[in-house]
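Observations on the three-dimensional arrangement
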Amino acid sequence: MSAENLSRFEDLASRYLDDALTEAEASELVALFADPQLAAWFLEMTRLNSEIAGLLAAPVPDAAMVELVRADIEKGLAAAHARSDVRLCLAEREMARGPSAATVSVGHSSPRQRRPTVRWLARAAVFIVFASLATVFLVSRPRHAGTAVVASVRGDARCAGSRGERVLTTGQSWERGETLNTVGAKSTVAVTFRDGTRLDFSGNSIVVNQSLGGGCRLELEHGEMRATLVKQPARHPFTFATTEAEAIVVSAKLRLAAGAHRTRLEVTEGEVRFRRRHDGAEVIVKAGHFAVVAPNAPFTATPFHPDPLHP
Amino acid sequence: MDDSEIITAVLDGDREAFGILVERYQRTLYYFVVGKVADDTEAKDIVQRTFVLAFQNLSDFRAGESFYAWLKGIALNHCRNEWRRYQSQARLARRLLEEKRAELELASFDAHANEGERRIAALRHCLEQLGPQEQSVIEMRFVQELPLLAIGEELGRGAEAARLFLYRIRQRLANCVKKRLRLEPL
């Protein structure tokens, strides 16, 4: 390997590791992989980069991982039960149909000739149902960082999504696209995310999990929530949105209340970027401060004294 | 309770007992996996999926063997599949460098399969050997995730200087890890 190649390779590899590589430079770097030593060194550096990031990242708390694994296992078992129910149901239908099916004339087929066809149709139906269930199971597997697990429920809480509405119980997962609802003033739900972030909802909360690939995002349509956030990646902050405002958080402890045309944010630890949605104005709300977005209310961060009755 | 007692309990219907195995091995498994995939978020996902698959196939686990070794085998399959997925996505998106990276990873996967935890232990040691300014730059880049410009400002230099400084630190770490692994053979 020439000194010139090595020097150019180091410059390009460094740019790649720090997300500063252009497309033309990427092609140039690939061309340098013709030298196996440079290719091996590139792999070594990218692995090391992942390892440094992994070593310094906040670990998943043991309890959170146990909950996530448990939720996945329960879901898998539920899907397996559903599959066996479908199989049983189809078998029963076939048995029930057996004698009478012979009386239904289909073209020129004799009953003896038709039975294999029915069996194949049933098998095809079972296959389609299996495939659908498997798709539902795989697509909804809580792999995504935006999937939370219900840590506790008091009173009545519901979750609605594409698969209908269900009563929430401890251990279930709350996935993107689903709406969580605490029914009644005294009902509360606590959820935890894989990184240990915990959210507590109360006060007839209606909250939609809108998390996408880039980070967690929740829309609090109504109600109140308290959040204790484990440090999020700076490029993927946690966003809490209401109709009027957005709170963009990397690491903080906060309370957010959304009512008719009014959103109030209180920060007890860390700091939060609080954005007014109608004009994009922003304030930084630091620990010990609150801010309100409401008609005719000044949009500033103001010190507050935590209410001793509602810590 | 040792692993085999827990596994027997789980197979006898005590599903909750499986949580003890998750608590016991999830962090070690994470450090085993983290250098074998593209980022730490994917590593956390793979740890989660590994435990779920282990539970679903627990009856296949052969008594007397190491449960952790079995978990590592499952995790390695996930990592390999993850690079295949990465490769095909890169191909679809016409990202040649990423496709090539996945190809290189897959080609050398087996040779590096058993390195995980030892490399992490070596890296931990090497990070501690860095000077205060180098440690501070690593913290800014990997923990605070500051952009190069901000790191450069902290150093009293520009973004380019920060990038080159970071690369030199990475080189030092890579050489230190290699040396330590040679000093402490398996």
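Before reading on, note that the structure itself is shown above.
Predicted, not measured: the structure shown is a model, and the values here were computed from it. (Residues numbered from 1 in each chain as written. Chains lettered and ligands numbered in written order. Predicted model: local features only at pLDDT ≥ 70, side-chain atom pairs only at ≥ 80, totals over all residues. Heavy atoms only, no water.)

Bringing the overall build of chain B into the picture now. Helix and strand content of chain B: 10 helices and 0 strands. Listed N to C, the secondary structure of chain B is α-α-α-α-α-α-α-α-α-α in terms of helices and strands. Among the 186 residues that make up chain B, the fraction classed as buried is 49%. Relative to all contacts within chain B whose residues are 6 or more apart in sequence, the contacts with residues 24 or more apart total 59%. About 9,400 Å² of surface is accessible on chain B, with carbon and sulfur atoms providing 49% of the total. (Helix = DSSP H or I, 4+ residues; strand = E, 2+ residues; numbered from the N terminus. Buried < 20%, exposed > 50% of the residue type's maximum accessible area, 1.4 Å probe, protein only. Contact = heavy atoms within 4.5 Å. Areas by Shrake-Rupley, 256 points an atom, 1.4 Å probe, with all protein chains shown as cover.)

With that settled, consider the side chain of Gln26(B). Counting through the fold element by element, Gln26(B) comes out in helix 2 (residues 18-33). One polar contact links Gln26(B) to Asp62(A), side chain to side chain, over a distance of 2.8 Å. Those residues in contact with Gln26(B) that lie beyond four places of it in its chain are Val60(A), Pro61(A), Asp62(A), Met65(A), Val47(B) and Phe51(B). (Polar contact = N/O pair within 3.5 Å; in protein donor to acceptor, adjacent residues only side chain to side chain.)

Moving on, we come to the interface of chain A and chain B. Opposite the 55 residues of chain A that make contact, chain B presents 61 residues. When chain A packs against chain B, the two sides together hide about 5,500 Å² of surface, and 59% of this comes from carbon and sulfur. By the criterion of area lost to chain B, the three top residues of chain A are Arg47(A), Glu51(A) and Leu55(A), representing 13% of everything that side buries. For the pair chain A and chain B, the interface holds 12 salt bridges. For Glu105(B), the salt bridge is made with Arg47(A), and the minimal N-O distance between the two is 3.1 Å. Inspection of the region where chain A meets chain B yields 26 residue pairs in polar contact (both at pLDDT 80 or more). Every element with two or more residues in the side of chain A that touches chain B is listed here: helix 1 (3-17), helix 2 (23-32), helix 3 (36-56) and helix 4 (62-101) of chain A. (Buried area = accessible area lost by both parts, 1.4 Å probe. Salt bridge = Lys/Arg side-chain N within 4 Å of Asp/Glu carboxyl O.)

This part is about the packing of helix 1 of chain A against helix 3 of chain A. Residues and elements named next belong to chain A. In contact at an axis separation of 11 Å, helix 1 and helix 3 are set at 30° when each is read in the N-to-C sense. Viewed along their axes, helix 1 and helix 3 adopt a mutual orientation that is roughly parallel. Pair helix 1 / helix 3 crosses with right-handed handedness. Within the contact between the two elements, helix 1 uses Leu6, Phe9, Tyr16 and Leu17 and helix 3 uses Leu38, Trp41, Phe42, Met45, Thr46 and Asn49. Partitioning the contact of helix 1 with helix 3 into residue classes produces 8 nonpolar, 2 polar and no charged. (Axes fitted to C-alpha atoms, helices over the stretch in contact; angles between N-to-C directions. Parallel < 35°, antiparallel > 145°, perpendicular 65-115°, else oblique. Left-handed = near helix turned anticlockwise from the far one by under 90°. Nonpolar A, V, L, I, M, F, W, Y, C, P; charged D, E, K, R; others polar.)

Looking at the element boundaries, Glu99(B) is found in helix 5 (residues 96-107). Sequence-distant contacts of Glu99(B), defined by excluding residues within four places in its chain, comprise Gln87(B), Ala90(B) and Arg91(B).

In a regular helix each residue adds 1.5 Å, so 15 residues correspond to 21 Å; helix 1 of chain A covers 21 Å between its end C-alpha atoms and thus fits that length. Elements in contact with the buried residues of helix 1 of chain A: helix 2 and helix 3 of chain A together with helix 4 (67-92), helix 5, helix 8 (132-143) and helix 10 (159-183) of chain B. Of the residues trailing helix 1 of chain A, Asp19(A) is marked for its positive phi of about 55°. (Expected span 1.5 Å × (residues − 1).)

Before going further, it helps to examine the state of the cysteines. Formally, a disulfide is one covalent bond, and it connects the sulfur atom of one cysteine to the sulfur atom of another. All names here are of chain B. Tallied over the entire structure, the rule returns 1 disulfide over all chains. Residue pairing for Cys126: its cysteine sulfur links by disulfide to Cys176, the two sulfurs lying 2.0 Å apart. With the S-S dihedral at roughly -85°, the linkage between Cys126 and Cys176 falls on the left-handed side. Here Cys176 lies in helix 10 and Cys126 lies in helix 7 (residues 116-129), a separation of 50 residues in the sequence. Given the relative accessible area of 23%, Cys176 is considered partly exposed. (Disulfide = S-S within 2.5 Å.)

Membership of the largest hydrophobic core comes to 88 residues, with the highest contact counts inside it found for Phe9(A), Phe18(B), Phe67(B) and Leu173(B). In terms of residues, this core owes the most to one element, helix 3 of chain A, which gives 10 residues. Beyond its immediate sequence surroundings of up to four residues, Phe67(B) is in contact with Asp3(B), Ile7(B), Phe18(B), Leu21(B), Tyr25(B), Leu58(B) and Phe61(B). (Core = buried A, V, L, I, M, F, W, Y, C linked by side-chain atoms within 4.5 Å.)

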